[in-house]
Amino acid sequence: MQQTEQTLLEQMHISELDIEYRKQLLNFTAEHAAALAACLPLISERIDALVDAFYQAQTSVDEIALLIGDADTLGRLRTAQRRYILDLFSGAYDVDYVNNRLRIGMVHKRIGVEPRLYLAGIHELKGLLVGALRRGLGDGPQCAAVLDALDKLVIFDVTLVFETYIRSLVAEIETAKNKSDRYARSLEEKVSQRTQQLEQLSRIDPLTGVYNRRYLAESLAATLRAAQRRGEPVTLVYLDVDDFKGINDKFGHPRGDEVLRGVGEILRSICRTEDLSYRYGGDEFCVVLPNCTVAAAEAAFCRRLVQLMAEQLPGVSLSIGVDQTGPEDYDLPETLISRADARMYQAKHAARQQAPDAEESGGGAAAGRPAVEGAP
Ligand SMILES: Nc1nc2c(ncn2[C@@H]2O[C@H](COP(=O)(O)OP(=O)(O)OP(=O)(O)O)[C@@H](O)[C@H]2O)c(=O)[nH]1
């Protein structure tokens, strides 16, 4: 249920039973209530003078005059105070009475009346009422009984006003805390998103869009551990652009960059979701194919790679070395990489033997040649 749908009494869990208990604590009895009620005519007669005297005293304090602020507010306050004084001598100190006292506490908090000002005000009012009662009743036992009852009732009221005041204060603190909690959470989310973005960026080679060498070291170890748990093979394809230096020298560095970007695009386009491609450095790339053998990699991945190279980068060829680890024994990441690298060199060497002039023709070894060397 929303706070605005509950009375202050309900919000503060004050029941009729609780009201009676509070009266018991102060030893405020039906006789006390009756003694006060008996003075209602006397007080009613003097009510205007009492309210006048009260606000004269209040507005003479600069701080209070500033809080009251204007004639309309003063008018409203006078009406409220008049009702309060009559309530004090009504003899009925029930749920409605308590609810009104709680509201006073809340309004005081809202308009910034601090406890010291409220207490000074109630002290002033009590003094005026005591004076009026003494003058009206004389200093006999009836007056003493009424003053005793008034004393208890004022304490009863002050307790209620303070409880609402404190409750409003706690609610304010809770609201501020919730606000700062929400802000901290949103900040945490932003930081974690940004960290993820930065982590992702730190793994990517900016030129080709494939992962970088640093991430290969990290992720290949994890891939091998996972494959070992499942008893699956992992194949690594190592590839190098043939005579890349020649491309740079003959067609310029931007063309060299374009070739590297093109290789990166081709690799990304033929990788399955679980395959990851990396730029190992310069013109060298690695592709890790989990749950794949050398034979399967050569038949599918390498064949497609050579085909796309011929279509998309005519005149540029690759030397490719393929090697596998698992499913029985598993190599360390660096061993698998260096074995595939060695196979790539074998393939490059074999191609050079077959076509010794090709690399002087400008585009590297014969474009699209299947210079693939795999594990036997
Ligand atoms: N355009 C460009 N060139 C690069 C980049 N990184 C490295 N290189 C160049 O790539 C060339 C690689 O040359 P090498 O290692 O001799 O390899 P290669 O010319 O392909 O010779 P082989 O591997 O024997 O076929 C070097 O000249 C590097 O300067 C890059 O990001 N962009």
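In this text, all values refer to a predicted model and were calculated from it rather than measured experimentally.

S.K.: Would you mind going over the overall build of the chain in detail, with residue names and values included?
M.R.: Along its length, the chain carries 14 helices and five strands. Across the 376 residues in the chain, those meeting the buried criterion constitute 28%. Expressed as a percentage of contacts within the chain between residues at least 6 apart in sequence, the contacts between residues at least 24 apart total 77%.

S.K.: Quick rundown of the site of the ligand? Include the residues and the values.
M.R.: In the vicinity of the ligand there are 14 residues, among which Phe244, Lys245, His253, Gly256 and Gly282 approach most closely. Listed by contribution, the elements that provide at least two residues to the shell around the ligand are strand 1 (234-241), helix 11 (244-251) and helix 12 (253-270). For the shell around the ligand, the leading source of residues is helix 12, giving four residues. Tallied by class, the residues present in the shell around the ligand amount to four nonpolar, four polar and six charged.

S.K.: Which residues make up the packing of helix 11 against helix 12, and what values go with them?
M.R.: Interhelical geometry of helix 11 versus helix 12 gives an angle of 140 degrees and a closest axis separation of 6 Å. Considered as vectors, helix 11 and helix 12 are oriented oblique to each other. Within the contact between the two elements, helix 11 uses Phe244, Ile247, Asn248 and Phe251 and helix 12 uses His253, Arg255, Gly256 and Val259. Split into classes, the residues belonging to the contact of helix 11 with helix 12 amount to four nonpolar, three polar and one charged.

S.K.: An account of helix 14 (residues 333-354) is needed here, citing residue identities and associated values.
M.R.: In a regular helix each residue adds 1.5 Å, so 22 residues correspond to 32 Å; helix 14 covers 32 Å between its end C-alpha atoms and thus fits that length. Those residues of helix 14 lying buried are Pro333, Leu336, Ile337, Ala340, Arg343, Met344, Ala347, Lys348 and Ala351. For helix 14, the angular spread of the buried residues around the axis is 145 degrees, confining them to a single face. Of the exposed residues in helix 14, those oriented more than 90 degrees away from the buried face are Glu334, Thr335 and Gln353.

S.K.: Lay out the nonpolar core in plain terms, naming residues and giving numbers.
M.R.: If you look at the biggest cluster of nonpolar residues, it comprises 43 residues, and the most contacted ones within it are Leu236, Val237 and Cys286. Leu236 has contacts with Cys286, Val288, Asp323, Leu336, Ile337 and Ala340, leaving out every residue within four places of it along the chain. Counting residues in hydrophobic clusters, the runner-up holds 18 residues, among them Cys39, Leu125, Leu129 and Leu153.

S.K.: So what's going on with the environment of Val130? Residues and values would help.
M.R.: Structurally, Val130 can be placed in helix 8 (residues 115-137). On a C-alpha basis, the gap between Val130 and Leu150 in space is 8.6 Å, while along the polypeptide they are 20 residues apart.

Analysis parameters
Residues numbered from 1 in each chain as written. Predicted model: local features only at pLDDT ≥ 70, side-chain atom pairs only at ≥ 80, totals over all residues. Helix = DSSP H or I, 4+ residues; strand = E, 2+ residues; numbered from the N terminus. Buried ≥ 20, exposed ≤ 12 C-beta atoms within 10 Å, placed from the backbone. Contact = placed C-beta atoms within 7 Å. Near = placed C-beta within 6 Å. Nonpolar A, V, L, I, M, F, W, Y, C, P; charged D, E, K, R; others polar. Axes fitted to C-alpha atoms, helices over the stretch in contact; angles between N-to-C directions. Parallel < 35°, antiparallel > 145°, perpendicular 65-115°, else oblique. Expected span 1.5 Å × (residues − 1). Arc of directions from axis to C-beta. Core = buried A, V, L, I, M, F, W, Y, C linked by C-beta atoms within 7 Å.

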